[in-house]
Each structure stands twice: as structure tokens, then as C-alpha cells.
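# Understanding the architecture of this molecule
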Amino acid sequence: MHRPIDDPGHGAGDGHGTGYGYGAGDRGGPGSAPSPYRPHPVPAAEPAGSWSSPGDGVPDPGRVDPRVLGALLARHGWQRRGGAAGRYGRWTPPGGRASGGVSLLVPDSRAFPDCEDLIGEALTALARSGAPSAREVLTGLAVPSDEVRWWREAPPGPAGTVPWPAQERFRSAARGILLAGALAVRGRAGYHGSRHRSAARAALEPVTVATDPAGRVLTAFLPVPPGRPVAVRLHHALHAAREAVDYQRATGGMEAFDSAVEAGVSRELTEALVALVRGTEGARIALAWAPAAGVPEGCAARPEPVEFSPGDLPALREAGARYLTDEPAVPVRITGAVVRLRRSGPRGEGTVKLRVLGGAEVGHVRVALDEEAYRTAGHAHLVGLPIRVAGRLESRGGFRRLTDPSGVAPVQVDEAERDRLMKWLQGSGEDAGFFEEPGGPEEER
């Protein structure tokens, strides 16, 4: 069963766009199997977004490598049951014929004239199969993808499946793990906060997911390219996290978590692992490389699954707290549009909120300014100019606060850019109540 993993907390304003939706453009086209039921209509206004479901199109048989097809069938639990050696193999789905699936005749190579016909028949049978593994094989063929698979041992519900709230927590934890990997691709840090978050979410837009009907297994498909850097970074980070936890449990020391940062471990990853394991008897994560793309340099050909148990939670929580407090401030020189000013009286210092245009990969920062700098920021806003300010981006609060500000000055831009900035401020609603009165509502933290 394939479904999108919806993230109600991340709307369009958070960097999410429309996903690629592999094969979605071929839905209902030539070669696709007629559905045995009437599908639910999908509102046209609803974007596919990130984590879109794999499409229903059947790949072109002439472009499918039979060796890749065989590797994907084996990966997803299909069994080879004989066939002429060196010519073709007979494949049956997980559970064999008892599962209701049909067998596939797959050639070993393209050395025979009927190869394309056999592949076409196999792909059509996969499209018509009700086995979840069949759809996963088609997804891997449509776009070469590395796979990240999660297993979660959770208590079953009344019908033997995982309750919906637990499934939502499962999806949220898996999303957090992938986001941690995408953040680590942008830069190594014990705590990323709000830095690089838009770019990391954009890197995950092409990802598609599949879930098993019972809700205990989740598979993410990362296209190659652009998703391979995320998969490679997760490969190293997960194993480093496992080794660091083992070291902490054996010695009580946290030093291994410090060195694990270079491998991609961060507070974001440890928090996601805690969310994955909490309330379960344990969880496993496995990566598998796209057969058509080969094995990335420095990685095992068949990486062993990484397992975490409830006994690992204290070490992971302690590591997350350590990363939060140890990440240093970052010196930056930011250019930003002033979207809010606040001070307690008509004179004196005040606080300014900036929408960052350059100099740091964060969306907004707040900075406390003296009276003269505060007045400069207010005048710049009134005439539609951004300002430039140097300071230190503090990790406290998620790298959203600039301390030790200096050199506050308006930035000259051309008329077209100034008009664009003014229209954005008027249309965004951010400058509503721009100058807050003394005693007004506290600034959002």
C-alpha cells in the first residue's frame, strides 16, 4: 500500500513544493492495468508535496535491464524458483502462490530475441499484482532509487495492525531521520537549528514512500540523483550513532558522540531516533543501493541494518542535550528585510526581526539594537530598503537570534528590487502592526 506521508506542520511556506510523483503522468496511460475499484478523487488544488506516492505507470520494457529487475525482485522478497540456467528465471512473490500472486518469467539478459516480450509481460503482471512488494519493484524501476527501510516493533491494535496515531508517529520519526541526513549533507554540526532547513526540505521533495498494510514497515525511495548524497550520509551517520551508543553504554563516556558529528550525527538525528524507538520494542533501519547506479564509494555493498532498542534511549537523549549546549555561535554578516520592530518606550534600544535575504541559511533572525541602530532599521523599512548587520548567530533558540550586532546600515538596491520588497512586505502580512506599541504583545520566541 502506497500513501503520501503528510506533514501538517510544513506547509508551502516552509520550502515544500510539488513532488515528482514517479509515474504519475502515466496514470491511466497505455500499458497500465485497469483498477478493480473506483479510486477516490484527488482534489486538483491539493499539491503532491514532499513524500509523494509512487505513480502507477509501467516502465518501458525496452529500457529495463533484466539484471536490475532480478535484483529488485530479490531485494523485495521474491523467490527464484528455477528456470533455464543462463536464460531466464521463474520468480514468485513473498509467500509464494499462497499469497495470491502470479509467477514471473524474467530473462537473465538481453541476449535472446524474446527478452523484451518477457519483460513486458512481467511488468504488466507486477502492475496487476496486489502484493505491496510488486509496487515497490515498479517504483525502483521507474526511477533508479536508493531505498531506506524502517521496521518498528509496535504493539498491535485490535485488528492486528498498528493504530493510526502510532503510524503517524512512525512517519514523523522517519521524516525526521531523512531530514537529519539532508541537513548533514549541507554541513556537519551537532545542532543545526533552523539553519539549512529550507534547502534540506527541498532536497527531500523527490522522495516517495510506501507502507505495508500492517503499518510496521516503511520504505523511502531516494532517486539517484539527486537523493544519493542523503542516502550516503545517512549510511555513515546511522552506523556512527550506533557505535557511539554502544560506547556510551559500555563506558559511560560521551566522547564517541563528539567524533560522530563528522559522520553526520546531530541533535536532529538523535531526536528522530528517540521518536522512532519510543513506545516500541525496538526498530531497525536498512539502506539498499539502486542496482542500476551501483555502490557509492566508501560504502558497503549490502549494508547491515542498524538496530536501536528502548535501552538506547538514555544515551540518545543525553547526546541530544549535549549537542544543543555545545554547538558554538557562528559569526555572520546578514542582509535582511526589517519585518518588525519593538521597544518598551518611545526612545532607547529595541528589538528588530529580519527576514534574511543573504549571509546565513536561516529564514528569520531577531537582533537587539541600540537607539541609533534601531532608528536606522526603522528608516530603512519605511523607504523599502534592507539592512546589513554583523554579529554572532546564537545556537540558543535554534540559531534565530543575532548577538553583538555592529555595522547596521541600509543596503542600496535598484528601484525594481525595492518595489519587489515593498510588495512582498505588504502582501505577506508581516508588517501588520509593524511598530509595536509599548506594553504590546510579547515578541514570539
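Report follows, based on the coordinates. These numbers come from a predicted model, not from an experiment.

In terms of nonpolar packing, the biggest core is built from 53 residues, with Trp 150, Ile 177, Leu 178 and Leu 273 touching the most fellow members. Ranked by the residues each element gives to this core, the list is headed by helix α6 (residues 228-251), at ten residues. Ranked by size, the runner-up nonpolar core spans 24 residues in total, among them Val 332, Leu 354, Val 356 and Val 367.

If you trace the five strands from one edge of the open sheet to the other, you get β5-β6-β4-β7-β8, paired in antiparallel fashion. What marks the edges here is a single partner per strand, and that holds for β5 (208-211) and β8 (306-308). In this sheet, neighbouring strand axes are inclined to one another by 15 degrees on average, regardless of whether the strands run parallel or antiparallel. Along the sheet face, helix α8 (residues 267-277) touches β4 (145-152), β7 (283-288) and β8 and points at about 120 degrees away from the line of β7.

For the rest of this paragraph, the subject is the sheet that holds strand β2 (residues 88-92). Read across the open sheet, the three strands follow the order β1-β2-β3; overall the sheet is antiparallel. Looking at the sheet topology across the chains shown, the edges are occupied by β1 (79-80) and β3 (104-107). Across two bridges, the pairing between β1 and β2 is antiparallel. Considered in β2, the bridge of Gln 79 is made with Thr 92. Across the sheet, helix α1 (residues 66-75) lies against β2 and β3, angled at about 135 degrees from β3, the strand it touches most.

Further remarks concern the pattern of salt bridges. Taken as a whole and assessed by the stated rule, the structure comprises 17 salt bridges. The shortest N-O distance in the salt bridge between Arg 67 and Asp 65 comes to 3.1 Å. With a relative accessible area of 59%, Arg 67 lands in the exposed category. If you follow the salt bridges from partner to partner, you end up with Arg 75, Glu 136, Glu 147 and Arg 149 in one network.

Viewed as axis vectors pointing N to C, α1 and helix α3 (residues 132-142) meet at an angle of 145 degrees, and their least axial separation amounts to 9 Å. Between α1 and α3 lies a crossing of right-handed hand. Counted together, Val 68, Leu 69, Leu 72 and Leu 73 of α1 and Val 137, Gly 140 and Leu 141 of α3 form the full contact between these two elements. Here the residues of the contact of α1 with α3 sort into six nonpolar, one polar and no charged.

When the terminal C-alpha atoms of helix α10 (residues 371-382) are compared, their 17 Å separation across twelve residues agrees well with the 16 Å that a helix rising 1.5 Å per residue should span. Of the positions making up α10, those classed as buried are Ala 373, Tyr 374, Ala 377, Gly 378, Ala 380 and His 381. Viewed end-on, α10 has its buried residues packed into an arc of 160 degrees, placing them on one side of the element. Counted as exposed and oriented over 90 degrees from the buried face of α10: Glu 372 and Leu 382. Positive backbone phi, at 80 degrees, marks Gly 384, one or two positions downstream of α10.

Another point: unusual backbone geometry. The residue after Val 224, namely Pro 225, is reached through a cis peptide bond having omega -20 degrees. Mapped onto the fold, Pro 225 is located in the loop between β6 (217-223) and α6. The peptide bond linking Pro 225 to Pro 226 adopts the cis configuration, its omega dihedral lying at 10 degrees. Looking at where Pro 226 falls in the secondary structure, it is placed in the loop between β6 and α6. Backbone geometry at Phe 399 places phi at a positive 60 degrees, although glycine is not the residue there. Examined against the element boundaries, Phe 399 turns out to sit in the loop between β12 (387-394) and β13 (401-410). Classification of Phe 399 by relative accessible area gives buried; the value is 0%.

Turning to the packing of aromatic side chains, a few remarks are in order. Summed over the entire model, instances satisfying the criterion amount to two aromatic pairs. Look at Tyr 191 and Phe 399: their rings are 5.9 Å apart centre to centre, the planes differ by 40 degrees, and that puts the pair in the tilted class. Of the two residues, Tyr 191 sits in the loop between α4 (164-186) and α5 (197-203) while Phe 399 sits in the loop between β12 and β13, which places them 208 residues apart along the sequence. The ring of Phe 399 carries the charged tip of Arg 195 above its face, separated from the ring centre by 3.7 Å. A cation over an aromatic ring shows up here: Arg 284 above the ring of Trp 151, its NZ or CZ 4.3 Å from the ring centre.

With that out of the way, let us pick up α6. Taking 1.5 Å per residue, 24 residues should reach 34 Å; α6 reaches 35 Å between its end C-alpha atoms and fits that length. Once α6 finishes, Gly 252 follows within two positions and takes phi at roughly 85 degrees, a positive value.

Moving on, we come to the environment of Arg 420. Positionally, Arg 420 belongs in helix α11 (residues 415-428). The partly exposed category is assigned to Arg 420, whose relative accessible area is 38%. Spatially, the C-alpha atoms of Arg 420 and Gly 384 are 9.1 Å apart, while their sequence positions differ by 36 residues.

Below, the discussion takes up the side chain of Arg 216. For Arg 216, the location among the structural elements is in the loop between β5 and β6. No salt bridge forms around the buried Arg 216; measuring N to O, its nearest opposite-charge neighbour Glu 153 is 5.3 Å away.

Moving on to the environment of Pro 61. Among the secondary structure elements, Pro 61 is positioned in the segment before α1. Given a relative accessible area of 22%, Pro 61 falls into the partly exposed group. Considered as a pair, Pro 61 and Asp 117 are 56 residues apart in the sequence and their alpha carbons are 7.7 Å apart.

What follows covers the pairing of β6. Among the seven residues of β6, seven are classified as buried, and the element is accordingly described as predominantly covered. Across the two faces of β6 the burial is the same, with Val 217, Thr 219, Phe 221 and Pro 223 and Leu 218, Ala 220 and Leu 222 all buried. Taken together, the seven bridges between β4 and β6 define a ladder with antiparallel strand orientation. By the bridge assignment, Val 148 is partnered in β6 with Ala 220. Summarising the sheet, β5 and β6 pair through four bridges and their orientation is antiparallel. The residue of β6 that forms the bridge with Ala 210 is Thr 219.

Rules behind the numbers
- Residues numbered from 1 in each chain as written.
- Predicted model: local features only at pLDDT ≥ 70, side-chain atom pairs only at ≥ 80, totals over all residues.
- Heavy atoms only, no water.
- Core = buried A, V, L, I, M, F, W, Y, C linked by side-chain atoms within 4.5 Å.
- Buried < 20%, exposed > 50% of the residue type's maximum accessible area, 1.4 Å probe, protein only.
- Helix = DSSP H or I, 4+ residues; strand = E, 2+ residues; numbered from the N terminus.
- Pairing = 2+ DSSP bridges.
- Axes fitted to C-alpha atoms, helices over the stretch in contact; angles between N-to-C directions.
- Contact = heavy atoms within 4.5 Å.
- Salt bridge = Lys/Arg side-chain N within 4 Å of Asp/Glu carboxyl O.
- Left-handed = near helix turned anticlockwise from the far one by under 90°.
- Nonpolar A, V, L, I, M, F, W, Y, C, P; charged D, E, K, R; others polar.
- Expected span 1.5 Å × (residues − 1).
- Arc of directions from axis to C-beta.
- Phe/Tyr/Trp six-rings, centres within 6.5 Å; stacked < 30°, edge-to-face > 60°.
- Lys NZ or Arg CZ within 6 Å of the ring centre and 35° of its normal.
- Lys, Arg positive; Asp, Glu negative; His and termini not counted.

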